[in-house]
Amino acid sequence: MKHLLSTGSLSHKQAVRILDTAGQMAATQAREIKKLPTLRGRTVVNLFFEDSTRTRISFETAAKRLSADVINFSAKGSSVSKGESLKDTALTLQAMGADAVVIRHHASGAPHTLAHSGWTNGAVINAGDGTHQHPTQALLDAYTLRRHLTGGGDPSGRDLAGLRVAIVGDVLHSRVARSNVQLLHTLGADVTLVAPPTLLPVGVEAWPAEVSYHLDEVIDTKPDAIMMLRVQRERMSSSGGGFFPSPLEYTRGYGLDARRLAAMPDHAIVLHPGPMNRGLEISADAADSPRAVIVEQVANGVAVRMAVLYLLLSGNESNETKVDA
Amino acid sequence: MSTGRKYLLQNVAPYGGERTTVLLADGVIAAIGTDVTDDDATIIDGRGLVLLPGLVDLHTHLREPGREDAETIRTGTRAAALGGFTAVHAMANTTPTQDTAGVVEQVWSLGREAGWADVHPIGAVTVGLEGERLAELGAMAESKAQVRVFSDDGKCVHDPVLMRRALEYVKAFDGVVAQHAQEPRLTEGAQMHEGIVSAELGLAGWPAVAEEAIIARDVLLAEHVGSRLHVCHLSTAGSVEIIRWAKSRGIDVTAEVTPHHLILTDELARGYDPTFKVNPPLRTQRDVEAVRAGLADGTIDIVATDHAPHTREDKDCEWAAAAFGMTGLETALSVVQETMVDTGRLTWADVARVLSETPARIGRVSDHGRPIAVGEPANLVLVDPAARRVINPDEQATKSGNSPFRGRDLSGCVVATFLRGRATVMGGASCDEDVVARA
Ligand SMILES: [Zn+2]
């Protein structure tokens with residue numbers, strides 16, 4: 001792997017390897033001294049054209065626990081917000097000697113452009129681009145699913161074969177959904193997308209997933225996990241696209257509440273990429289229930305991002321699975 | 001305006017038919033026949049070459065005035081000549097907009113000074129392309145530029161009342177409204193064709209229906225007020241069906257397709273290379289098949305380039321930030337040959353029709369798109385259909401490098417172009433700039 005741009009280009013072997021490495025990283029995090037010397041002297045740049053404190057902190061923590069130097073380059077209050085181009089910013093970072101660029105950008109494909117432009121020699125890690133992809137989120141979701149649902153013990157080497165996962169909410173605007181559909185499919189899980197028709201993209205029929213407009217029907221099929229997507233309230237207004245009539249109607253049809261939670265199988269878990277809109281797509285009962293693994297997802301995020309940074313940056317390791325993912 | 005120079009085109013095949021020899025003198029076709037000869041003429045060995053009337057582009061963005069960093073009338077018309085064109089229609093979305101007699105006359109006279117091809121300015125339909133009130137269409141029609149084609153291209157005249165008024169008003173001077181069919185509400189923030197590829201790439205979709213809905217409305221408006229309508233760069237299978245239906249009803253509508261929509265698809269967006277970002281967007285293979293079929297059966301009347309040069313800054317960035325458009329003047333004929341002639345769907349006579357005669361007729365340009373016959377203006381192009389060439393935008397005459405065909409091997413090349421008997425292109429290269437401009 002030279003870059004991590006999309007889960008769509010990860011092979012089964014590469015995906016399992018990242019999850020296994022994340023497991024090893026997580027084990028080190030249980031120790032008293034969490035810091036590993038692995039990436040000492042390497043520089044990781046967090047290039048955030050879009051605000052996301054939680055994702056930035058997760059990557060920053062991951063890089064620092066591997067002893068990398070971290071530069072945070074945020075669009076807010078910098079020349080980027082004054083219209084400096086992606087290209088000029090990338091050239092600046094290149095001059096600073098970035099070994100890896102973690103990029104969050106509002107434009108779909110910006111990490112792809114950065115990786116293929118020749119503007120930087122560093123590894124490019126997509127930390128969320130527009131409505132396209134957020135591969136480390138999908139990897140941490142898969143990691144979390146594997147830990148809980150594949151039979152206990154050390155899950156190393158396992159995939160998600162046969163698991164049934166429902167992804168519920170604003171699929172149309174969700175990079176989390178796109179990344180998860182591709183990765184979970186690669187790992188052998190069966191994915192069902194659940195949303196009102198307005199929040200599903202034209203073209204979704206080509207995705208390796210089932211589609212349903214009815215959450216209750218999908219819950220009746222006893223899925224192993226439900227992944228709730230964030231829904232922005234402004235999507236209902238006319239200027240926001242008018243995707244649904246009211247938050248109340250959305251919640252009635254697609255919100256995860258106590259009743260729906262109770263209808264799920266005992267072993268099933270609830271995921272959410274955060275930040276949550278409590279009371280809209282998920283009720284407090286559901287968010288705080290023991291089967292919600294939302295807080296654990298955050299911790300797993302650090303381990304997965306450590307694994308990705310490690311696999312992309314630790315020298316000869318990368319040759320073994322050299323693909324332009 | 002005699003150049004004093006005569007050309008004897010020996011053994012050329014007019015419209016790809018029987019070989020003959022054609023003498024150009026005093027700006028006209030002076031003689032045609034296997035036994036024609038002239039001791040003073042420059043002799044061109046035309047064996048294997050097809051002779052066509054000079055091409056006429058109904059849809060060219062020359063960018064001057066306002067964006068001379070992307071193209072000028074001089075560089076754009078030189079590119080046109082190299083592509084076999086002797087006349088181009090310059091789109092109105094310049095800065096300032098071509099919405100007054102003053103601006104269209106400026107563009108017209110800059111074209112005359114450059115001398116590479118005749119420039120026929122297109123007038124804006126509405127002031128500043130704002131879609132709010134009609135520009136002074138009559139003044140542009142009566143100006144020295146004699147504007148006959150009006151378009152807000154780049155934007156759609158989406159207000160149905162305004163569109164109706166424009167269609168009616170231009171009847172007074174035999175004008176035509178050329179519509180960029182794009183329903184604005186359905187395409188807010190749109191980045192590429194809405195379908196399987198956009199769903200995966202997470203790029204906001206430009207649905208086919210946003211084009212088709214406007215075309216359907218406009219053909220009905222044109223029928224209602226008895227006006228003629230021209231549809232720019234039609235790109236979808238559904239649009240072809242609507243035009244076919246409208247023509248069957250006797251509605252006075254013409255339609256164009258671009259070379260890129262004849263050959264490229266939305267799959268090219270997968271690399272997020274903004275070279276392939278264009279409006280209307282590249283569609284699916286099914287749409288490509290439909291526009292080829294429409295061009296072959298005459299539903300689509302013409303091919304027009306929508307040559308849209310952009311500076312490197314406007315393309316060297318992330319997809320969403322990039323400008324829409326691709327260059328096309330220097331590759332149009334090759335794409336038509338490759339997709340339509342080499343496949344047996346059009347003859348060279350058909351090519352003359354779709355790239356010269358009909359665009360000239362739609363634009364009411366009287367001295368281009370004429371028959372290859374004695375006494376006619378010597379606006380001609382000589383094509384070598386057997387040639388193959390690899391496209392390198394860095395070597396093109398257009399000032400911009402945003403050709404979607406970089407590195408691609410295409411059929412055919414232009415050997416020579418004649419504008420009123422003067423060579424603007426010879427041996428596949430531009431003639432001397434001063435000679436061209438002085439003539
Ligand atoms: Zn247009």
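Here the structure is a predicted model, which is why all the values come from computation and not from measurement.

What counts and what doesn't
Residues numbered from 1 in each chain as written. Chains lettered and ligands numbered in written order. Predicted model: local features only at pLDDT ≥ 70, side-chain atom pairs only at ≥ 80, totals over all residues. Heavy atoms only, no water. Helix = DSSP H or I, 4+ residues; strand = E, 2+ residues; numbered from the N terminus. Buried < 20%, exposed > 50% of the residue type's maximum accessible area, 1.4 Å probe, protein only. Pairing = 2+ DSSP bridges. Axes fitted to C-alpha atoms, helices over the stretch in contact; angles between N-to-C directions. Contact = heavy atoms within 4.5 Å. Buried area = accessible area lost by both parts, 1.4 Å probe. Salt bridge = Lys/Arg side-chain N within 4 Å of Asp/Glu carboxyl O. Polar contact = N/O pair within 3.5 Å; in protein donor to acceptor, adjacent residues only side chain to side chain. Nonpolar A, V, L, I, M, F, W, Y, C, P; charged D, E, K, R; others polar. UniProt positions renumbered as here; feature names shortened; annotations may be inferred. Domains from an automatic or database assignment.

Asks: Would you mind going over the environment of B:E130 with me for this structure?
Replies: Residues and elements named next belong to chain B. Structurally, E130 is set in the loop between β8 (118-121) and α3 (137-142). Classification of E130 as partly exposed rests on a relative accessible area of 49%. E130 sits 146 residues away from F276 along the chain, and the two C-alpha atoms are 27 Å apart.

Asks: Hey, could you run me through the sheet that holds strand β6 (residues 55-60) of chain B in this one?
Replies: Strand pairs in the sheet, formed through backbone hydrogen bonds, run parallel or antiparallel to each other. Residues and elements named next belong to chain B. Overall, parallel pairing links the three strands, which are arranged β6-β7-β8 in an open sheet. Of all strands in the sheet, those with a lone pairing partner are β6 and β8, marking the two edges. Direction aside, neighbouring strands of the sheet carry axes that sit 20 degrees apart on average. As paired strands, strand β7 (residues 85-90) and β8 are joined by four bridges and run parallel to one another.

Asks: Got a minute to help me understand the sheet that holds strand β4 (residues 123-129) of chain A in this structure?
Replies: All names here are of chain A. One open sheet holds the four strands; their spatial order is β2-β1-β3-β4, and the pairing between them is parallel. Edge positions in the open sheet fall to β2 (69-74) and β4, since each of these has one partner strand only. The average angle at which neighbouring strand axes cross in this sheet is 15 degrees, direction not considered. The pairing of strand β1 (residues 43-48) with β2 spans six bridges and is parallel. Of the residues in β2, the one forming a bridge with V45 is I71.

Asks: Could you clarify how one ought to interpret the interface of chain B and chain A in this entry?
Replies: Where the parts come together, the accessible area they lose is often given as the size of the interface. Each partner contributes to the interface: chain B provides 18 residues, whereas chain A provides 22 residues. Of all residues in chain B, B:A199, B:Y272 and B:E318 give up the largest surface area on contact with chain A, accounting jointly for 38% of the area buried on that side. Counting the contacts that link chain B with chain A gives one salt bridge. A salt bridge links B:D316 to A:K87; the shortest N-O distance between them is 2.7 Å. Taken together, the connections running from chain B to chain A amount to seven residue pairs in polar contact (both at pLDDT 80 or more). Per-class residue counts for the side of chain B that touches chain A are eight nonpolar, three polar and seven charged.

Asks: How should I be thinking about the side chain of A:R175 in this particular structure?
Replies: By the secondary structure assignment, A:R175 is in helix α6 (residues 175-186). Beyond its immediate stretch of four places on either side in the chain, A:R175 contacts A:E50, A:R104, A:H105, A:G128, A:D129, A:G130, A:T131, A:H132, A:Q133 and A:H134.

Asks: I'm lost on the UniProt feature "domain: Aspartate/ornithine carbamoyltransferase Asp/Orn-binding" (unreviewed entry) in chain A in this one. Help?
Replies: Within the UniProt annotation, "domain: Aspartate/ornithine carbamoyltransferase Asp/Orn-binding" (unreviewed entry) is assigned to residues 162-312 of chain A. Between the C-alpha atoms that bound residues 162-312 of chain A there is a distance of 29 Å. The span itself is 36% helix and 13% strand.

Asks: Quick question: what am I supposed to make of the domain arrangement of chain A here?
Replies: Residues and elements named next belong to chain A. Domain boundaries in chain A define domain 1 (7-133 + 299-313) and domain 2 (135-297). Taken residue by residue, the interface counts 32 residues in domain 1 and 30 residues in domain 2. Of the roughly 2400 Å² buried between domain 1 and domain 2 on both sides combined, carbon and sulfur atoms contribute 58%. When the area that domain 1 buries against domain 2 is broken down by residue, the three leading residues are T7, L19 and N300, summing to 27%. Taken together, domain 1 and domain 2 are joined by two salt bridges. R175 is the partner of E50 in a salt bridge, and the nearest nitrogen-oxygen pair spans 3.0 Å.

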